[in-house]
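# Structure at a glance
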Amino acid sequence: MNRLCIFGEVLFDHFPDGKSVLGGAPFNVAWHLQAFGQAPNFISRVGDDAEGQTVRAAMQRWGMDTSSLQADNQHPTGKVTVTFVDGEPDYDIVRPCAYDAIEAQPQAADCGLLYHGSLALRETASRQALKRLMASRPKTVFVDVNLRAPWHQLPQVSDMLHGANWVKLNSDELNLLYPSSKSRLPRAVDFLSEYGLSGLVVTHGAEGAELITDNGEHYTAKPEQDIKVVDTVGAGDAFASVIILGLNNDWPLDITLQRAQLFASYIVGNRGATVSDAGFYQQFIKQWNLAV
């Protein structure tokens, strides 16, 4: 297996009732991969504050490597303020924060598979740190597009995609990044060709997902009809973690997609983007014959 490096934000979502929830797409992905026995190297930065200490303690309890979790005495730990307008959530992603200032770490450069998103690249410092990691030429670069207005610029996102081997995005993001009059599949195929990708995964919410490769493979997966939905936050991160798991363990791509859809379906039945009960993962570890 390749060594997994997960680069990007860790943050707390703060709700009007005073509740805060630990998350951030890269953190969620790393959390799931740790539960699946993949020992990811999570490369991020937190403030030298109480929330930063909470992040580090949570990782240590979960058995995660904290050697690449940097401490920042000038910027606070990442924060998103969630408010509700007419029942719809609105997100204020606070800037600047610690994950905007991730520093390059030579000892973290030994990456077989490097995962990153788009949010943590909004500032120069973190972009330069990622550039250093990319210079070590990881075997596979997996980009999880998470467009969060106003923290993305399309030319910058395009440059990021040109450095990827695999990309995951949702159908709305595909439409935004690659406007076309073509129907869903031809548009996805053109997108894959435009960026020279090995593979593309497009999620369609309740409709499921599809996977396309540069050699013409095309697979689809749909959620089970009777799944219980409690909270859809983090479903895409759960999905991405199993796609990475499959790539890292050389699973057939059709099986990888089906397993990713299954795991995401189970995650939405829980409150929050991650699960702190290791027993939750045991059914998948056993079914998928993972060595943990």
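These lines cover the structure that appears in this document, whether it is placed above or below. Quantities reported herein were computed from a predicted structural model and do not represent experimental measurements. (Residues numbered from 1 in each chain as written. Predicted model: local features only at pLDDT ≥ 70, side-chain atom pairs only at ≥ 80, totals over all residues. Heavy atoms only, no water.)

## Comments concerning the packing of aromatic side chains
Selection criterion: Stacked, tilted and edge-to-face pairs are distinguished by plane angle, under 30 degrees for stacked and over 60 for edge-to-face with tilted covering the rest, among Phe, Tyr and Trp rings (Trp via its six-membered ring) whose centres lie within 6.5 Å. Under the DSSP-based scheme used, a helix requires at least four consecutive residues in state H or I and a strand at least two consecutive residues in state E, with every element numbered from the N terminus. Buried residues are those whose accessible area, probed at 1.4 Å on protein chains only, stays under 20% of the maximum for their type, while exposed residues exceed 50% and partly exposed ones sit between those limits.
Under the definition given, this model contains 18 aromatic pairs. Their ring planes at 40° and their centres at 5.7 Å tell us that F27 and W31 sit as a pair that is tilted. Placement of the pair is F27 and W31 together in helix α1 (residues 25-35), with a separation of four residues, close to one helical turn. Overall, F27 belongs to the buried group, its relative accessible area being 1%. A centroid spacing of 5.7 Å and a plane angle of 70° characterise the contact between F27 and F42, whose relative ring orientation is edge-to-face. Residue F27 is found in helix α1, and its partner F42 is found in strand β4 (residues 41-47); the two are separated by 15 residues along the sequence. No difference in accessibility class separates F27 from F42, as the two residues are buried.

## Some words on the packing of α1 against helix α7 (residues 235-248)
To be explicit about the condition: For helices, the fitted axis covers only the stretch in contact; all axes are lines through C-alpha atoms, and the angles between them, taken along N-to-C directions, range from 0 to 180 degrees. Here roughly perpendicular refers to angles of 65 to 115 degrees, roughly parallel to angles under 35, roughly antiparallel to angles over 145, and oblique to all remaining angles. Note: crossing handedness is left-handed where the near helix turns anticlockwise from the far helix by less than a right angle, and right-handed where it turns clockwise. Note on definitions: a residue-residue contact is assigned when non-hydrogen atoms from the two residues lie within 4.5 Å. Residues are grouped as follows: Ala, Val, Leu, Ile, Met, Phe, Trp, Tyr, Cys and Pro are nonpolar; Asp, Glu, Lys and Arg are charged; every other residue, Gly included, is polar.
Where α1 contacts α7, the two axes come as close as 8 Å, and the packing angle between them is 50°. When the interaxial angle is binned, α1 and α7 end up oblique. Where α1 crosses over α7, the handedness of that crossing is right-handed. Between α1 and α7, the contacting residues are A25, N28, V29, H32 and L33 on the first element and D237, A238, A240, S241, I244 and L245 on the second. Among the residues making up the contact of α1 with α7, the classes are represented as seven nonpolar, three polar and one charged.

## Some points on the environment of L253
As for its position among the elements, L253 is in helix α8 (residues 253-267). If sequence neighbours within four positions are ignored, L253 has contacts with W166, L211, T213, E217, Y219 and L247.

## Details of the nonpolar core
We count it as follows: Take the buried residues of types Ala, Val, Leu, Ile, Met, Phe, Trp, Tyr and Cys, join any two whose side-chain atoms come within 4.5 Å, and each joined set is a nonpolar core.
One finds F36, F42, V55, F142, F263, Y281 and W288 to be the most contacted residues of the largest nonpolar core, which totals 52 residues. The dominant element in this core, judged by the number of residues it contributes, is α7, at eight residues. When residues no more than four places from it in sequence are discounted, the contact partners of F42 are I6, G8, E9, V10, P26, F27, A30, M59, M64, S68 and L69. The next biggest cluster of nonpolar side chains, apart from the first, holds 31 residues, and it includes C5, L130, L192 and I212.

## Observations concerning the side chain of E210
Here is the rule: Residues scored as charged are limited to Lys and Arg (positive) and Asp and Glu (negative), so that His and the chain ends carry no count. Just to be clear on terms, a salt bridge is a Lys or Arg side-chain nitrogen sitting within 4 Å of an Asp or Glu carboxyl oxygen. A 3.5 Å cut-off defines polar contacts: any pair of N or O atoms within that distance qualifies, except that in protein one atom must be a possible hydrogen donor and the other a possible acceptor, and neighbouring residues in sequence count only when both atoms are side-chain atoms.
Note on placement: E210 falls in strand β12 (residues 209-213). Although buried, E210 forms no salt bridge, and the nearest oppositely charged side chain, R184, lies 4.1 Å from it. Within polar-contact distance, the side chain of E210 engages the side chain of H218 at 2.8 Å. Setting aside chain neighbours within four positions, we find E210 in contact with R184, L185, L200, V201, V202, H204, H218, Y219, T220 and L257.

## Regarding the sheet that holds strand β10 (residues 166-170)
Which entries qualify depends on this criterion: Strands are treated as partners if at least two bridges between them are detected by DSSP.
Here we have nine strands laid out as an open sheet, ordered β5-β4-β1-β8-β9-β10-β11-β12-β13, and mixed in their pairing. Each edge of the sheet is formed by a strand with only one pairing partner; in this case those strands are β5 (69-72) and β13 (218-221). Across the sheet, the axes of successive neighbouring strands diverge by a mean angle of 15°, strand direction being ignored. With four bridges connecting them, strand β8 (residues 113-116) and strand β9 (residues 140-144) associate as parallel partners. Bridge pairing in β9 links L114 to V141. The sheet contacts of α1 involve β1 (4-7), β4 and β8, and relative to β1 the element is tilted by about 155°.

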